Structures are given as structure tokens and as C-alpha cells.
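# Topology and contacts: notes
Residue-level listing of the chains:
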Protein chains: 2
Amino acid sequence: MLKVVNIADGFRRFDDLFSPKIVGEVNGQHIKLVRVEGDKVPWHTHDTEDELFWVLDGELQVLTRDTSATLHPGEFTIVPSGVEHRVVPHGHVKLVLVETDGIAHTGGVKAEITLDRYEHLDDL
Amino acid sequence: MLKVVNIADGFRRFDDLFSPKIVGEVNGQHIKLVRVEGDKVPWHTHDTEDELFWVLDGELQVLTRDTSATLHPGEFTIVPSGVEHRVVPHGHVKLVLVETDGIAHTGGVKAEITLDRYEHLDDL
């Protein structure tokens, strides 16, 4: 049985912020949907995991210590492992993430938004 | 330096069919853009790699030996490793693929469309 994931339907099923929902797994990578709004993500680093940010709606500024990029709908960027970064949403932003199964939400940094685990959208 | 990939811009840069272009790499997975049209993909299996198909434009039927799903824009499915499959585009279809670096294009099957390597979009 092939499971079809409809991204828009997925987003309609939750409205909490900074809480990525797992919607698929491919070769040890989780595909996640997340809504973000407000400047709440601390500087953090994933020592061994790259992280892909794909904007579907809204604008997302992705910052490293020495550069910055603003993503618009239909654009993605990949923050390589070991690079300290944070993201700043402009408005309400819908994102797709591609991240290693088990990645720490905000690296080794604990913040207001930090989660210990991720929900699977099917479990909501 | 963060590289921003604009998906629509990427598709404007090529028009060949069944020839996935690598636009990013995240944790050993390649993000690829591909245009497909016509019923040309043979039944094949990737023994050790899952494969994610995400439709941006058009419709794609994904078949295994015992099931079938039709993907519309904004929908994806993941064919698990070891599952024989093929895809049938309905019209001209733009797809994003997430696949392991080095995956064989049509598994162990050689077909008219089979490629030995993938181009990086930046090299075009």
C-alpha cells in the first residue's frame, strides 16, 4: 500500500507553532511539516546533521554567524552540519524540513520552543 | 554562504525528460528535479534505497505489483526499498525526488531512459 501525503491537508490538521510533524521517512531522513511564527529559535548547531528548510508559505530568514538568506515560497536552503544557525520567520511561515531521524530540535541548546520528541501527523 | 534553491527557476533551466538534476544534498540524500512525460519507466527495484516522489505539476501514477496511487500537485509518496515499482506520468509532470546519493536510475533494469549519472543543475 502506497501512502499518499497531501501537504496542504497535512497543514490543515495542526496549528501549533515550532512543533514539526513527521509525515514521511526516506532512507533515515524524516520529512516534516512545521508552522513557525515569531523570533523564538535560538542559535544552535547540529554537529552531525545537515538540515533542509523549504518554505511553502511566508518568508523565512536563515542566519548563520557570517551570512543570511531569506527564503520565499518555493525556495529551500540546506544548513550543513556543524554550522551554527537560527531562523527568523517573517509572518506565519509553513515549512517542510528534511532532517535525520532523531535530530535534536534545537541542537544542544534548550529554549522555550525546544521539544524532546516529534509527533507523527498520523498520530494526531 | 547559504545557497538558496528556487524550484521554479531550477525547472526553467532544463527541458529534457527523465533526466533528474541534483539541486541539493542533505545527509547523503540528493534532492533532484525531474521532468517526465510518456509511459517509459520500466518495472524496477532499488534493493536498498527508498525513493520519494513529490509532484509539483501534472499527475503521476505510481504503481507497485499490487497497488497504485495517483499523485497530484502538492502530494508525495515514498516507495520503500525492495519494492518493485514504476511510474506513469499523466501529461507533462514536474517532480521533486529525494533519493540516496548514487542510486541507480532504474535499479538493475536497463531501459531507453536509463542514465549512468545525474547532472548537477549548477553544471548545466
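Scroll up to find the structure this text is about.
Everything numeric here is computed off the predicted structure, so don't read it as measured data.

### Describing the packing of aromatic side chains
- For the structure on display, the rule yields five aromatic pairs over all chains.
- Centre to centre, the rings of Trp54(A) and Trp54(B) are 4.7 Å apart; their planes meet at 10°, and the pair counts as stacked. Linking Trp54(A) in strand E4 (residues 51-64) with Trp54(B) in strand E4 (residues 51-64), this pair reaches from one chain into another.
- Given a relative accessible area of 6%, Trp54(A) falls into the buried group.
- Seen in terms of ring centroids, Trp54(B) and Phe76(B) are 5.7 Å apart; in terms of plane orientation they differ by 35°. Their pairing is tilted. One end of the pair, Trp54(B), is in strand E4; the other, Phe76(B), is in strand E6 (residues 75-79), and 22 residues separate them in sequence.
- What links up through ring pairs into an aromatic cluster is the set Trp54(A), Phe76(A), Trp54(B) and Phe76(B).

### Details of unusual backbone geometry
- For Phe18(A), which is not a glycine, the phi torsion comes out positive at approximately 55°.
- Position of Phe18(A) among the secondary structure elements: in the loop between helix H1 (7-12) and strand E2 (21-26).
- The exposure class assigned to Phe18(A) is buried, which follows from its relative accessible area of 6%.
- At Asn27(B), a residue that is not glycine, the phi angle is positive and equals roughly 50°.

### Brief notes about the nonpolar core
- Core analysis: the biggest nonpolar cluster contains 30 residues, and Phe76(A) and Phe76(B) have the highest contact counts within it.
- Not counting chain neighbours up to four residues away, the residues in contact with Phe76(A) comprise Leu52(A), Phe53(A), Trp54(A), Leu71(A), Lys3(B), Val4(B), Val5(B), Ile7(B), Val23(B) and Ile31(B).

### A word on the relation of the copies chain A and chain B
- Mapping chain A onto chain B calls for a screw motion: a turn of 180° about the axis and a shift of 0.0 Å along it, with 0.0 Å RMSD after fitting. Seen this way, the second copy is the image of the first under a two-fold rotation axis. Within chain A, the C-alpha atom positioned nearest to the axis of rotation is that of Gln29(A), 4.2 Å from it.
- Here 100% of the contact residues of chain A are again contact residues in chain B; the copies associate through an equivalent surface.

### A closer look at the interface of chain A and chain B
- Taken residue by residue, the interface counts 34 residues in chain A and 34 residues in chain B.
- Across the chain A to chain B interface the summed buried area is about 2,800 Å²; carbon plus sulfur atoms make up 66%.
- Area buried by chain A at its contact with chain B is led by Leu2(A), Asn27(A) and Phe76(A), which between them contribute 26% of it.
- Put simply, chain A and chain B have zero salt bridges between them.
- Linking chain A with chain B are 14 residue pairs in polar contact (both at pLDDT 80 or more), by the criterion used here.
- For the side of chain A that touches chain B, the secondary structure elements donating two or more residues are strand E1 (5-6), E2, strand E3 (29-36), E4, strand E5 (68-71), strand E6 (75-79) and strand E7 (85-100) of chain A.
- Its residues assigned to classes, the side of chain A that touches chain B shows 18 nonpolar, ten polar and six charged.
- The pairing of E1(A) with E6(B) spans two bridges and is antiparallel. Note that in E6(B) the partner of Asn6(A) across the bridge is Glu75(B).

Reading the values: the criteria
- Residues numbered from 1 in each chain as written.
- Chains lettered and ligands numbered in written order.
- Predicted model: local features only at pLDDT ≥ 70, side-chain atom pairs only at ≥ 80, totals over all residues.
- Heavy atoms only, no water.
- Phe/Tyr/Trp six-rings, centres within 6.5 Å; stacked < 30°, edge-to-face > 60°.
- Helix = DSSP H or I, 4+ residues; strand = E, 2+ residues; numbered from the N terminus.
- Buried < 20%, exposed > 50% of the residue type's maximum accessible area, 1.4 Å probe, protein only.
- Core = buried A, V, L, I, M, F, W, Y, C linked by side-chain atoms within 4.5 Å.
- Contact = heavy atoms within 4.5 Å.
- Least-squares fit on C-alpha atoms with pLDDT ≥ 70 in both.
- Buried area = accessible area lost by both parts, 1.4 Å probe.
- Salt bridge = Lys/Arg side-chain N within 4 Å of Asp/Glu carboxyl O.
- Polar contact = N/O pair within 3.5 Å; in protein donor to acceptor, adjacent residues only side chain to side chain.
- Nonpolar A, V, L, I, M, F, W, Y, C, P; charged D, E, K, R; others polar.
- Pairing = 2+ DSSP bridges.

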